[in-house]
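Descriptive analysis of the structure
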Amino acid sequence: MSVLHGPAARGDDIVIRGARVIDPARNVDATLDVVVEGGVISRLDAPGAQHVANGHRIIEAEGLVLAPAFVDPHVHLRAPGREDEETVASGTMAAAAGGYCAVFAMPNTDPVVDSAAVLGALIETARGEAAIPVGFLAAISKGQLGAELTEMGELADHGAAGFSDDGRPVAAAGLMRRALQYSTLTGRPLAVHCEELTLSRDGQVHEGAVAAELGFAGYPSVAESVMVERDLALAAYEGRPLHLLHLSARESVEALRAAQATGVVATAEVTPHHLCLTDEAVRTLDPNVKMNPPLRGEEDRTALVDALRDGTIPAVATDHAPHARHEKEVPFEAAPFGVTGLETSFASLFTHLVRPGVVPLTTLLERMSAGPARVYGLEPPRIAVGASANVVLLDTESEWRVGEEPFRSRSANSWLLGEKLRGRVRLTVADGRLAFER
Amino acid sequence: MGDIHLMRDELRPPVDPPRRHLMSVADLSREDVERLLGTARSLARSLEREMKKLPTLRGRTVVSVFYESSTRTSSSFELAAKRLSADTMSIKASGSAVDKGESLKDTALTLGAYDPDVLVIRHPQIGAPQIMARHTNAHVVNAGDGKHQHPTQALLDLYAMREAFGRLEGLHVAIVGDVLHSRVARSLIQALALVGARVTLVGPPTLIPRGIECMGCSVSTTVDAIADADVVYALRMQRERMQEGANYVPSLREYTALWGVTPDRLRRGQRVMHPGPMNRGVEIDPVVADAEGSLIETQVRAGLVVRMAVLYDLLTQGPTAVPTAAVKDPVAAVAESVA
């Protein structure tokens, strides 16, 4: 059973002419005409070839970059329960506008996705209203309370893409071990939010000089890294794969790298905000730089960038966390954790990492597409004849200001509001359908 | 559903209009501090006269909103405003719409509708004064926001130290106690650094925030470190901030035994300060509090004149900081205007 759910595909016929086609997985970097017919890439031609069939949409893409569309391993669609903040429709529309052909939604909704009934209803919703295919994770523990395992077998049979208690850790090591053992049965990955709650406590901001000066309760790096080490040790002991959500600390990266070196099958993700910002941003007291895990120091940020570049961390995740405007228009400490990211991820990373020459464009494209696809066992999107069309057309010259155009997301709690970025998504084809065009 | 449109002013960073506030000591320059202390000095002289009221802020409105209990700060702000002839209004969170769940933004919009000239706010959360500033047209004075800042306390402490020593530069101040939960400590460290004084923090390792030495102070976990300080500044053990089971210190008894400011730990000539309210017998020995070397009452008196100076400065100076020399002596200025 597929782990992605969306409207039944009626593939489009499109010709994208003259783009620079980059497919990092296949080592392609060439100017080509790409023909999509019935939702499948049917031809890759040298530019200027004659191939205008009746009814094909022609996209003139000279000077633009065409790449495999992005996959987001970590978003919050807020449905069911907080449809004022986001819905499957609005969240997937935002994703399409950000260049995504698939997103994976976390189960910390209200009610929690911990039963086949809740999951089934979501899948139905996605079939009816999703702009791009969605994978739904189910909870590891019932109600995400950390006490009893969910019925993972049944949930996997009903289409759960994986399991996570994201938003909170699996506090008890014993339960985490059972979940790993049980995951043999489902074959679906476990995605863990690593936080030792007795160390993070009421922490708001990375424990360090900035928190000390501003008076915020500190959330130390070690609160994350001890849990990363625990879960990696359990995964090693049980010989099961593991996915680490939203890493933020240098120590976590080091633990992951060491575990991978000994053969542990562990993947991880990092968010654009952890790659671009440090806790210095908190000096603004802006609730839109409040997230869990918190922004950390420059050493942490550079460790994350290095790990993304060398593949230790194979995936970029937005951790898109929409919040109602009135809930973020409060003092920092009263605001909920989380920021949006689906509509700005490529531009933020292109602006902050690719343009200054820190990360090559091909690496970024790989970490936003094939890397995260593999986390959930998806066939990586590729630009090849016969492949389902999952492509994004990028304008790397275009400059824009975040917020000048309304967000497709129902929420506007972006950490980039007002910032000028370079790089814009022009078009997204997801599962053979033209999902977004600007 | 409609799209979410952003107003222009919602784009980050929130840019405050050219209106002066007192949010944080970090926003002040040394010149600002000198000017404010100088103004406070002049105002202190005016208070020695029989007629204590000055007409300076007649027709102005000073509104104070206190979301946390306070004796010293709220009363001194109110008296300061009255001594300068401003109209005053004080709102306490309990018994107000805050009890009914009104958000800070809505309270700001409500109070802002009365067009106050100055809003004084105390709030348990960091950044609350910035929200007030964003949603009103008033000059905002931070009278304490969470564990962040309490700038008028730092200014009055500087004032009291200068009264006692005749200088600030080169003074060595030991701040003893619960630095972690103390906005007083954070503001004072910055203020002392600004005027060239030296700071040593002394307290239990669990109550000294990691990384605080980046603010330019040294740190010690033994009380002996107060020996060569000119001023020993005891912080309140903030029991109300101590969460259940946090285990910052095993007991107040152990705290007092290891870090209490007691007569035998002080040497002659050292002056003792405390922001109040004191836990006598916990962080400070009652004998020390009442001894001749104590500046605690001086601090309270300084609170009044420093807060008068802050109100005067915000309402009578231009939009940007004015060099000290260009600022008129407020009492002389008043005399001129009356004449």
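Residues numbered from 1 in each chain as written. Chains lettered and ligands numbered in written order. Predicted model: local features only at pLDDT ≥ 70, side-chain atom pairs only at ≥ 80, totals over all residues.

Thoughts on the overall build of chain A
For chain A, the count of helices and strands is 14 helices and 18 strands. Taken over C-alpha atoms, the radius of gyration comes to 21 Å for chain A, in line with the 22 Å a tight globule of 438 residues would show. Each of the three principal axes of chain A carries a C-alpha extent, and together these read 65 × 45 × 45 Å. Residues counted as buried form 63% of the 438 residues belonging to chain A. In chain A, 77% of the contacts between residues at least 6 apart in sequence involve partners at least 24 apart. (Helix = DSSP H or I, 4+ residues; strand = E, 2+ residues; numbered from the N terminus. Rg over C-alpha atoms; globule rule 2.2 N^0.38 Å. Buried ≥ 20, exposed ≤ 12 C-beta atoms within 10 Å, placed from the backbone. Contact = placed C-beta atoms within 7 Å.)

A look at the interface of chain A and chain B
Tallying the contact residues gives 28 residues for chain A and 29 residues for chain B. Here the element with the most residues in the side of chain A that touches chain B is helix α6 (residues 209-214) of chain A; it accounts for five residues.

Examining the nonpolar core
Counting 249 residues, the largest nonpolar core has Leu 66 of chain A together with Leu 311 of chain B as the members making the most contacts within it. Among the elements that line this core, the one with the most residues is helix α9 (residues 296-316) of chain B, at eleven residues. Non-local contacts of Leu 66 of chain A, meaning those with residues more than four positions away in its chain, are made with Ile 16, Ala 19, Arg 20, Val 21, Val 34, Ala 61, Ile 383, Val 391 and Leu 393 of chain A. (Core = buried A, V, L, I, M, F, W, Y, C linked by C-beta atoms within 7 Å.)

Here's the deal with the domain arrangement of chain B
All names here are of chain B. Here the domain parsing of chain B yields domain 1 (8-150 + 300-315) and domain 2 (153-296). Between domain 1 and domain 2, the C-alpha centre-to-centre distance is 25 Å. Elements that contribute at least two residues to the side of domain 1 that touches domain 2 include exactly α1 (30-47) and α9. If you tally residues by element for the side of domain 1 that touches domain 2, the top one is α1, at five residues. (Domains from an automatic or database assignment.)

A closer look at the domain arrangement of chain A
Residues and elements named next belong to chain A. As assigned here, chain A comprises domain 1 (14-65 + 387-437) and domain 2 (69-375). Computed over C-alpha atoms, the centres of domain 1 and domain 2 are 26 Å apart. Contact with domain 1, which involves 31 residues of that partner, is made by 42 residues of domain 2. Elements that contribute at least two residues to the side of domain 1 that touches domain 2 include exactly β16 (391-401), β17 (420-430) and β18 (433-437). With eight residues, β17 is the single largest residue contributor to the side of domain 1 that touches domain 2. Grouping the amino acids of the side of domain 1 that touches domain 2 by side-chain chemistry returns 18 nonpolar, eight polar and five charged. (Nonpolar A, V, L, I, M, F, W, Y, C, P; charged D, E, K, R; others polar.)

A closer look at the sheet that holds strand β8 (residues 231-234) of chain B
All names here are of chain B. The five strands lie next to each other as β7-β6-β5-β8-β9, forming an open sheet whose pairing is parallel. The open sheet has two free edges, formed respectively by β7 (218-220) and β9 (271-273), since each of these has just one partner strand. Sheet twist, expressed as the mean angle between neighbouring strand axes with direction ignored, is 25 degrees. Judged from the three bridges that link them, strand β6 (residues 198-202) and β7 form a sheet pairing that is parallel. (Pairing = 2+ DSSP bridges. Axes fitted to C-alpha atoms, helices over the stretch in contact; angles between N-to-C directions.)

Describing unusual backbone geometry
With an omega dihedral of 0 degrees, the bond running from Ala 79 of chain A to Pro 80 of chain A counts as a cis peptide bond. Tracing the backbone shows Pro 80 of chain A in the loop between β6 (70-75) and α1 (88-97). Residue Pro 277 of chain B is bonded to the preceding Gly 276 of chain B through a cis peptide linkage, with omega at -10 degrees. Its place among the elements puts Pro 277 of chain B in the loop between β9 and α8 (286-290). A positive phi is found at Arg 201 of chain A, a non-glycine position, where the angle reads about 45 degrees. When you line up the elements, Arg 201 of chain A lands in the loop between α5 (197-200) and β11 (205-206).

Digging into helix α8 (residues 250-261) of chain A
Residues and elements named next belong to chain A. Between its first and last C-alpha, α8 extends 17 Å over twelve residues, near the 16 Å set by a 1.5 Å rise per residue. Taken residue by residue, α8 has Arg 250, Ser 252, Val 253, Ala 255, Leu 256 and Ala 259 as its buried positions. Here the buried face of α8 lies against α7 (221-238), β13 (242-244), β14 (266-270) and α10 (298-310). At the C-terminal side of α8, Gly 263 shows a positive phi close to 100 degrees. (Expected span 1.5 Å × (residues − 1).)

So, the pairing of strand β1 (residues 14-23) of chain A
Residues and elements named next belong to chain A. Burial of β1 is extensive: eight of the ten residues sit out of reach of the surface. Bridge count for β1 against strand β2 (residues 28-37) is eight bridges, and the pairing is antiparallel. Residue pairing for β2: Ile 14 is matched across the bridge by Val 36. Between β1 and β2, which pair antiparallel in sequence order, lie four residues; one of them, Asn 27, sits at a positive phi of approximately 60 degrees. For β1 and strand β4 (residues 57-60), the ladder comprises four bridges, and the chain directions are parallel.

Quick notes on the packing of α7 of chain A against α8 of chain A
Residue and element names in this part refer to chain A. Running from amino to carboxyl end, α7 crosses α8 at an angle of 15 degrees, the nearest separation of the two axes being 8 Å. Taken together, the axis directions place α7 and α8 in an arrangement best described as roughly parallel. Along this stretch, α7 crosses α8, giving a crossing that reads as right-handed. Contact residues: α7 offers Ser 221, Val 222, Glu 224, Ser 225, Val 228, Glu 229, Leu 232 and Ala 236, while α8 offers Arg 250, Glu 251, Ser 252, Ala 255, Leu 256 and Ala 259. The residue makeup of the contact of α7 with α8, split by class, is seven nonpolar, three polar and four charged. (Parallel < 35°, antiparallel > 145°, perpendicular 65-115°, else oblique. Left-handed = near helix turned anticlockwise from the far one by under 90°.)

Examining the packing of helix α2 (residues 72-83) of chain B against α9 of chain B
All names here are of chain B. Interaxial distance between α2 and α9 falls to 8 Å at its minimum, and their mutual angle equals 55 degrees. When the axes of α2 and α9 are compared, the pair comes out oblique. Seen from above, α2 lies across α9 with right-handed handedness. Along its contact with α2, which presents Arg 72, Ser 76, Phe 77, Leu 79, Ala 80, Ala 81 and Arg 83, the element α9 presents Val 300, Gly 303, Leu 304, Arg 307, Met 308 and Leu 311. Here the contact of α2 with α9 is built from residues that sort into eight nonpolar, two polar and three charged.

A closer look at the sheet that holds strand β2 (residues 87-92) of chain B
All names here are of chain B. Here four strands make up an open sheet; going across it, the order is β2-β1-β3-β4 and the pairing parallel. Because the sheet does not close on itself, it has two edges, and the strands there are β2 and β4 (139-145). Adjacent strand axes in the sheet meet at a mean angle of 15 degrees, parallel and antiparallel pairs treated alike. Looking at chain direction, strand β3 (residues 118-123) and β4 are connected through five bridges and run parallel. Within β4, the position partnered with Ile 121 by the bridge is Asn 142. Sitting on the sheet, helix α4 (residues 128-135) is in contact with β3 and β4, with an inclination near 165 degrees to β4.

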